[in-house]
Every structure is written in C-alpha cells, then in structure tokens.
Amino acid sequence: MRRLVTAVQLGMAASLSAQRAQLLDKLKATPAGASISQEFALRAEGKGSPHRASLKRIFDEQKPTRVTFYRDSAAWCPYCQKLWMLLEEKQINYDVQLINMRSYGEKPQSFTSKVPGGFLPALELDGQMWTESLDIMAMLDDTFPEVPTLPPRDSDEFQRARALLQLERKLFRVWCDYVFRGGWGSKRQFESCLDEVDGALAKTSGPWFLESEGPGIVDLQYVSHVERMAASVAYWKGDTLRGGRWKHIDAWFEAFEQRPSYSASRSDWYTHANDIPPQYGNGVDDGSKEQQTIRRALDGGDAAWRLPLPPLSSSDAPSDKLQPGWGAFEQDAPYEAAYHVLENLENVARFAARGAGKEGGWSFMRPDRARLADPYAKPAEGVVLEKVQEALLVIGACLVGDCDTSVDVSSLKALDESMRNDIRASLAYVRDRVG
C-alpha cells in the first residue's frame with residue numbers, strides 16, 4: 001500500500017510539473033511574458049529596471065561596486081525607500097542585503113554584529129558602516145558627485161534646502177498628532193502645514209522642491225512619508241490628500257510616478273494600513289461614514305478585491321479611485337503575477353499553506369509586530385499542500401486567460417468540504433499578504 005501511495009504521489013507531482021512547464025511556456029510566448037522573462041534575466045545581472053527582488057545593481061561595469069545597501073526584506077521601510085531611490089537616481093553600483101524589520105522577524109547576528117542597534121537602513125561604503133538615512137544620502141552625494149542631489153553648500157539654494165527639510169519634520173509632527181493622537185485642532189494644523197508644503201513647491205518652475213531636472217534629497221526625504229500620509233488620512237480620517245486643494249503636491253506625485261525608482265519602491269494603501277501600526281501605533285478613527293466606507297473598502301470590502309477585477313479607468317471601487325498612478329501597470333500585472341507564482345510554485349504553495357497550518361504566534365499580544373507577519377508559522381503538509389499547488393496552477397492559468405484549457409481541475413472539484421476549507425484558508429492567507 002505504501003508503494004502504491006508513493007507511486008500516486010509521484011505521478012501527481014509529475015503531472016503538476018508538466019502542467020506548470022506548459023503554462024510557463026505559454027506565458028513566455030506572449031509579448032508580456034517575454035518581456036517579464038527578459039527582465040528576470042537582466043535582474044540577475046544587476047541590470048534592467050529597479051525591482052524589490054534585485055540583489056545587485058550595476059549601472060557602470062567599468063566601476064567597482066563599493067556600496068552594500070542593507071534594507072528591509074519586505075520593501076516597506078520608509079527610511080530605506082528614500083535611500084533606495086537615491087542610489088537609483090544617482091546610478092551608483094550597489095549590492096543588497098535584505099534584513100527583517102523588527103515587526104517582521106528577528107535580525108540575523110551577521111547584521112547586528114555590524115550594526116549593534118539593528119537600525120535600518122544601513123549602508124557599507126568601502127568597508128565602513130553608516131546609519132541614519134539623511135546622513136547617508138548627504139554622504140553619498142559628496143562621494144558620488146556626478147549626479148548631484150543637493151545644491152552647493154555655500155549657495156542660497158542650499159539654505160532653502162535646509163529650510164525645506166525643517167518643514168518636512170514639522171509636517172511629520174503634525175501628521176502624527178492628527179492621525180495617531182487626534183488632538184483638538186490637529187486636522188487644521190496638518191492641513192495648514194500641507195498648505196506650506198504646496199506653496200513651497202509652487203515656487204519652482206518644475207515639479208520638484210528645488211530647481212532640478214530630477215528629484216533631489218529634499219524630495220526623497222518628503223516622498224516616503226507623504227505617501228504614507230495619503231494612505232493613513234484616508235484610512236483613519238476619511239480625508240483625501242490628492243486630487244483636491246494641493247495642486248502642486250499632486251503634480252509632484254505625478255512626476256514621481258514617472259520615475260522607475262519610485263515605481264519600484266512605492267506601496268499600496270492596504271499595505272500601509274497594515275504596516276503603519278507596528279511602527280507608529282494605531283491611528284484614531286474619525287468615525288465618519290466616509291472614513292468607515294474607505295476603511296472597509298481598503299480592508300477588502302470593495303470590488304477591487306473580487307474577480308473579475310474592474311478596469312482601473314472605470315472602477316468605482318474606493319481602493320482604485322483613491323490611489324492614482326497604478327494604471328501603467330494594469331495591462332501586464334496579471335502576467336507578472338502568474339510568472340511569479342509559476343516560477344516559484346513550490347515556495348508560494350508552502351507559504352500559502354500556512355493558512356491551513358499552525359500559527360507561530362508572532363504578533364500575539366505584541367502590537368509592535370506586524371499582524372500579517374508570522375515567521376514561525378508552520379504550513380500544512382501532505383495532501384493539503386499538493387492541492388494548494390494545484391489551485392495555484394489554476395490561478396496562474398486564469399491570470400493569463402487560459403482557465404479552461406491548460407489545467408485539469410477535476411481533482412479539486414472532487415474535494416470534500418473540509419479539504420476545500422483548507423484550500424480557501426490557504427489562498428486567503430496569501431491573498432491578504434499580497435493585498
């Protein structure tokens with residue numbers, strides 16, 4: 001009997017492998033799939049467009065790589081984001097080491113031995129470790145001056161940059177007062193400070209805070225937190241930062257959305273709503289009807305969370321309407337998602353099967369730890385894991401418009417209700433962590 005079971009399992013594995021290979025071949029034969037496959041190959045060489053999965057970046061093969069960039073493994077840390085963008089904008093060759101934020105998991109001893117406080121981001125230049133994102137950015141601007149991101153230190157424009165950086169700290173403080181404490185008059189103070197920021201942007205001929213062709217250190221210092229401000233005031237206050245009275249902030253964001261460095265590093269509002277609390281604490285709900293509607297939508301309650309997805313251009317879902325700038329990715333997004341799932345099927349399935357497995361208790365009674373992170377969770381094994389792989393194959397086929405012809409779903413249809421519940425829980429687990 002054991003031999004029979006083993007033979008059946010091997011047969012199923014071979015069938016899954018064949019179906020996966022067939023789907024990948026079909027995907028790579030499409031224009032979108034061929035482009036994605038080429039990007040994967042370039043990424044392995046440190047080339048191509050920036051991406052969170054890139055572990056090295058080579059802009060000039062004639063120059064040595066002097067920089068190692070230590071950033072968070074989930075690509076969410078706002079301080080890592082601004083430094084990541086600076087390295088891209090200045091086109092500095094660099095290697096990447098991925099390190100957990102404290103809210104996601106333990107940091108390796110190999111990192112804490114170099115950075116005793118475990119601070120992120122960290123950067124190693126010619127063997128010397130640096131921390132504090134703004135200090136690192138200024139140092140890099142001095143060390144690699146070919147693409148300047150700060151004005152000369154003896155110029156009036158540099159004094160303006162210093163004043164703008166002080167304004168950014170003021171904006172950060174009033175945002176915290178408004179969102180996380182909700183004190184009397186805090187909304188008025190936050191909006192008044194946004195007026196100041198919008199006015200500062202109005203003083204230049206282009207979209208940036210200073211007269212420059214691209215974003216400088218001042219812009220990068222602002223953008224990672226203003227992006228999170230836009231998400232948080234919508235989620236906890238029902239307010240919209242974009243598309244209203246701050247026209248120059250809108251133009252500034254739109255200019256950023258044209259930069260590959262920002263496209264690769266930005267996050268969606270669902271991610272921000274789940275990642276902000278362990279870092280800053282929970283926001284204080286406004287309680288208004290509009291706020292509750294937006295919160296429910298971003299938490300999975302609108303059409304943007306249900307198949308078939310509405311086109312972004314005509315969607316009425318708050319999750320879509322309130323987050324501009326994603327339309328450029330819409331056409332190829334299903335193909336890229338399918339590519340990632342199919343190329344990493346076994347790993348994605350094991351991660352998803354945590355939903356039917358055993359929780360690790362990472363965030364239990366720990367508000368400083370991310371609710372959706374659980375590095376010690378144990379995935380379900382055996383038949384459940386096999387069926388999760390089958391279900392993910394079906395999803396991959398459907399993403400590339402091949403639901404009916406590429407994958408045999410008869411065994412999934414034959415599952416009993418208990419097993420179906422395990423598969424649902426597994427797929428929901430990975431869905432909630434993709435957003």
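**A few points about the overall build of the chain**
Moving on, step 1. Scanning the chain from N- to C-terminus turns up 18 helices and five strands.
Moving on, step 2. The globule rule puts the C-alpha radius of gyration for 435 residues at 22 Å, and the 23 Å found for the chain is close to it.
Moving on, step 3. Dimensions of the chain along its principal axes, counting C-alpha atoms only, are 80 × 60 × 45 Å.
Moving on, step 4. Taken over 435 residues, the chain has a buried fraction of 45%.
Moving on, step 5. In the chain, the proportion of contacts linking residues at least 24 apart, taken out of those at least 6 apart, comes to 68%.
Moving on, step 6. Only carbon and sulfur atoms are counted for the fraction: they give 52% of the accessible area of the chain, which is about 21700 Å².
Moving on, step 7. Taking the average location of the 53 positive side-chain charges in the chain and that of its 61 negative ones, the two points are 5 Å from each other.

**Focus on the nonpolar core**
Moving on, step 1. Ranked by internal contacts, the top residues of the largest apolar core, which has 81 residues, are Leu140, Leu171, Phe190, Tyr222 and Trp252.
Moving on, step 2. Judged by nonpolar contacts, the second largest core, of 29 residues, contains Val341, Leu342, Ala353 and Val407.

**Description of the pairing of strand β2 (residues 67-72)**
Moving on, step 1. Judged by how many residues are buried, β2 sits mostly within the fold: six of six residues are covered.
Moving on, step 2. Pairing geometry for β2 and strand β3 (residues 94-99), over six bridges, is parallel. Among the inter-strand pairings, Phe69 is bridged to a residue of β3, identified as Val96.
Moving on, step 3. Read as a crossover between parallel neighbours, the route from β2 over helix α3 (residues 78-90) to β3 is right-handed.
Moving on, step 4. The pairing of β2 with strand β4 (residues 122-125) spans four bridges and is antiparallel. Each residue of the ladder has a partner; that of Val67, found in β4, is Leu125.

**Overview of the pairing of β4**
Moving on, step 1. The side-chain alternation of β4 yields two buried faces, one formed by Ala122 and Glu124 and the other by Leu123 and Leu125.
Moving on, step 2. Note: β4 against strand β5 (residues 128-131), four bridges, orientation antiparallel. Note that in β5 the partner of Ala122 across the bridge is Thr131.
Moving on, step 3. Counted along the chain from β4 to the antiparallel partner β5, the turn is two residues long, and its residue Asp126 has a positive phi close to 50 degrees.

**Quick look at the environment of Pro152**
Moving on, step 1. Within the secondary structure, Pro152 sits in the loop between α5 (133-143) and α6 (156-181).
Moving on, step 2. Each C-alpha atom of the pair Pro152 and Glu124 lies 25 Å from the other, and the pair is 28 residues apart in sequence.

**Describing empty space enclosed by the protein**
Moving on, step 1. Applying the stated criterion across every chain, the model contains three cavities of 30 Å³ or more.
Moving on, step 2. What lines the largest cavity is Glu227, Ala230, Arg242, Phe253, Tyr262, Arg266, Ser267, Trp269, Gln323, Pro324 and Trp326.
Moving on, step 3. The class makeup of the residues in the lining of the largest cavity is six nonpolar, two polar and three charged.

**Quick notes on the pattern of salt bridges**
Moving on, step 1. Counting across every chain of the model gives 25 salt bridges.
Moving on, step 2. The shortest N-O distance in the salt bridge between Asp177 and Arg181 comes to 2.7 Å. A residue pair is termed a helical-turn pair when its members lie 3 or 4 positions apart in one helix, as Asp177 and Arg181 do in helix α6 at four residues.
Moving on, step 3. Overall, Arg181 belongs to the exposed group, its relative accessible area being 53%.
Moving on, step 4. Put simply, Asp299 and Arg295 hold a salt bridge, and the shortest N to O gap is 3.8 Å.

**Section: α6**
Think of an α-helix as turning once every 3.6 residues; residues three or four places apart then point the same way.
Moving on, step 1. With 26 residues, α6 should cover 38 Å at 1.5 Å per step; its first-to-last C-alpha distance of 37 Å lies within 8% of that length.
Moving on, step 2. Looking one or two residues past α6, Gly182 carries a phi angle of roughly 65 degrees, positive in sign.

**Points about the packing of aromatic side chains**
Moving on, step 1. Overall, the coordinates contain 21 aromatic pairs when judged by the stated rule.
Moving on, step 2. Relative to Tyr94, the ring of Phe69 has its centre 6.1 Å away and its plane inclined at 75 degrees; by these criteria the two rings are edge-to-face. Here Phe69, found in strand β2, pairs with Tyr94, found in strand β3; they are 25 residues apart in sequence, far enough to count as distant.
Moving on, step 3. The class of Tyr94 is buried, set by a relative accessible area of 2%.
Moving on, step 4. Joined through ring pairs, the aromatic side chains of Trp208, Phe209, Tyr222, Trp252, Phe253, Phe256 and Tyr262 make up one cluster.
Moving on, step 5. Above the ring of Trp76, the side-chain terminus of Arg228 is found at 4.7 Å from the ring centroid.
Moving on, step 6. The ring of Tyr429 has Arg433 sitting right over it, with the charged end atom 3.6 Å from the ring centre.

**Points about the layout of surface pockets**
The gaps of empty space that remain are located by a probe, the size of a water molecule, rolled over the atoms.
Moving on, step 1. Looking at the second largest pocket, its volume works out to about 390 Å³.
Moving on, step 2. Every residue lining the second largest pocket is counted, 19 residues in all, and those nearest its centre are Tyr79, Met101, Arg102, Leu120 and Gln279.
Moving on, step 3. At the level of elements, α3 and α11 (269-280) are the ones that each hand at least two residues to the lining of the second largest pocket.
Moving on, step 4. Of the residues forming the lining of the second largest pocket, the biggest block, three residues, is contributed by α11.
Moving on, step 5. Of the residues assigned to the lining of the second largest pocket, the class counts are ten nonpolar, five polar and four charged.

Definitions and cut-offs
- Residues numbered from 1 in each chain as written.
- Predicted model: local features only at pLDDT ≥ 70, side-chain atom pairs only at ≥ 80, totals over all residues.
- Heavy atoms only, no water.
- Helix = DSSP H or I, 4+ residues; strand = E, 2+ residues; numbered from the N terminus.
- Rg over C-alpha atoms; globule rule 2.2 N^0.38 Å.
- Buried < 20%, exposed > 50% of the residue type's maximum accessible area, 1.4 Å probe, protein only.
- Contact = heavy atoms within 4.5 Å.
- Areas by Shrake-Rupley, 256 points an atom, 1.4 Å probe, with all protein chains shown as cover.
- Lys, Arg positive; Asp, Glu negative; His and termini not counted.
- Charge placed at Lys NZ, Arg CZ, Asp CG, Glu CD.
- Core = buried A, V, L, I, M, F, W, Y, C linked by side-chain atoms within 4.5 Å.
- Pairing = 2+ DSSP bridges.
- Right-handed = clockwise from strand over helix to strand, strands pointing away.
- 1 Å grid on protein atoms, 1.4 Å probe; cavity = no way out; pocket = protein on both sides within 12 Å on 5 of 7 lines; lining within 4 Å.
- Points joined across faces, edges and corners; volume = space filled by probe spheres on them.
- Nonpolar A, V, L, I, M, F, W, Y, C, P; charged D, E, K, R; others polar.
- Salt bridge = Lys/Arg side-chain N within 4 Å of Asp/Glu carboxyl O.
- Expected span 1.5 Å × (residues − 1).
- Phe/Tyr/Trp six-rings, centres within 6.5 Å; stacked < 30°, edge-to-face > 60°.
- Lys NZ or Arg CZ within 6 Å of the ring centre and 35° of its normal.

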